[in-house]
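Each chain is listed here by its residues.
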Amino acid sequence: MTVEKLLEHGFEAVTLPDPEREIDGVYIGDLLSWVMGRARSDNAWITIMSNMNVIAVATLADTSCVILAEGVTLPDDIRETAEAKGVNVLTTQLPAYEAAMVLSGLLK
Amino acid sequence: MSEDLVFHFDVDGENFTSAGQASVQVKKNLRQLGLSPEIIRRVSIAMYEGEINMVIHAGGGVADVRVNENYIEIVLEDHGPGIKNVEMAMQEGYSTAPDDVRSLGFGAGMGLPNMKRYTDSMKIDTVVGEGTTITMRVNLV
Ligand SMILES: Nc1ncnc2c1ncn2[C@@H]1O[C@H](COP(=O)(O)OP(=O)(O)OP(=O)(O)O)[C@@H](O)[C@H]1O
Ligand SMILES: [Mg+2]
């Protein structure tokens, strides 16, 4: 499934510079070194963190998108950096668990 | 590649909200060299963790990345406080990160273990009060 498909399922785009990127699996976490070490390439990464370091981690760990749970969103400067670096970011009102449940259904 | 390629970076110790820039640049450079995504990912992760550690724990430093046909070598050198007990620092979960950087998502105590895990060799030279040099290699053959 591509990242942009999520827009049809209640997720909102914060910035989608690479909308056709494929999602393979999900990782949930807010501690950056755990995400670095354990998220796999192409995973959708669900988090409630929204600082600049999230963009660097998503770039380097090569996740397919960042999904901000609980209605978290990004300050403008960080959104612009994500866009420039080609990092897809979405937001949802759902808590992380419920967002993962939706993805689980879609990724079957 | 006949001659080694070398990339050098000064890592600013002031600004940890936007740290990781050297690692992001290295990732770009390695991509241009046409290295495999898996190799690039391992180098990116190891270097990022080391770069962030220099910013958070040592007030910045310098990073040198050497690429040749046999390996990629990352050398991170700082003149921070040094690491008192390396064995302890290497353990998952051990962290002395202050609260202000923990609130940004750092301080899980997973950085050094990640560096070890994603590289083929890792050497820590550290002297308390003088600084730390970490040398990591990812083999290409
Ligand atoms: N360059 C360094 N200079 C001085 N101390 C360091 C350096 N790198 C690591 N340390 C020490 O080793 C500890 C463990 O480092 P590690 O990277 O594993 O965890 P962390 O940086 O505290 O948290 P995380 O990397 O998970 O965000 C640090 O908390 C710090 O005390
Ligand atoms: Mg660390």
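Details of the structure are given in the entry above.
Residues numbered from 1 in each chain as written. Chains lettered and ligands numbered in written order. Predicted model: local features only at pLDDT ≥ 70, side-chain atom pairs only at ≥ 80, totals over all residues. Heavy atoms only, no water.

(A) Summary view of the interface of chain A and chain B. Counting from both sides, the interface comprises 22 residues of chain A and, opposite them, 24 residues of chain B. At the junction of chain A and chain B, the tally comes to 2 salt bridges. As a salt-bridge pair, Asp-62 of chain A and Lys-27 of chain B come within 3.8 Å of each other at their nearest N and O atoms. Elements that contribute at least two residues to the side of chain A that touches chain B include exactly α1 (32-38) and α2 (52-61) of chain A. Counting residues per element, the side of chain A that touches chain B draws most heavily on α2 of chain A, which supplies 7 residues. Considered class by class, the residues forming the side of chain A that touches chain B number 11 nonpolar, 6 polar and 5 charged. (Contact = heavy atoms within 4.5 Å. Salt bridge = Lys/Arg side-chain N within 4 Å of Asp/Glu carboxyl O. Helix = DSSP H or I, 4+ residues; strand = E, 2+ residues; numbered from the N terminus. Nonpolar A, V, L, I, M, F, W, Y, C, P; charged D, E, K, R; others polar.)

(B) Quick look at the site of ligand 1. Every one of the 22 residues lining ligand 1 counts as a neighbour, but His-57, Ser-95, Thr-96, Gly-107 and Gly-109 of chain B are closest to it. Around ligand 1 the close residues trace back to chains A and B. Note that an oxygen atom of ligand 1 is positioned 2.8 Å from one of the side-chain N or O atoms of His-57 of chain B. A distance of 2.5 Å is found between an oxygen atom of ligand 1 and a side-chain nitrogen or oxygen belonging to Thr-96 of chain B. For ligand 1, the protein covers 96% of the area, taking 600 Å² as the surface of the free molecule. Listing elements by their share of the shell around ligand 1, those giving two or more residues are α2 (37-58) and α5 (111-118) of chain B. For the shell around ligand 1, the leading source of residues is α2 of chain B, giving 4 residues. Class assignment for the residues of the shell around ligand 1 results in 10 nonpolar, 10 polar and 2 charged. (Near = heavy atom within 4 Å. Polar contact = N/O pair within 3.5 Å; in protein donor to acceptor, adjacent residues only side chain to side chain. Areas by Shrake-Rupley, 256 points an atom, 1.4 Å probe, with all protein chains shown as cover.)

That is the geometry; function is a separate question.
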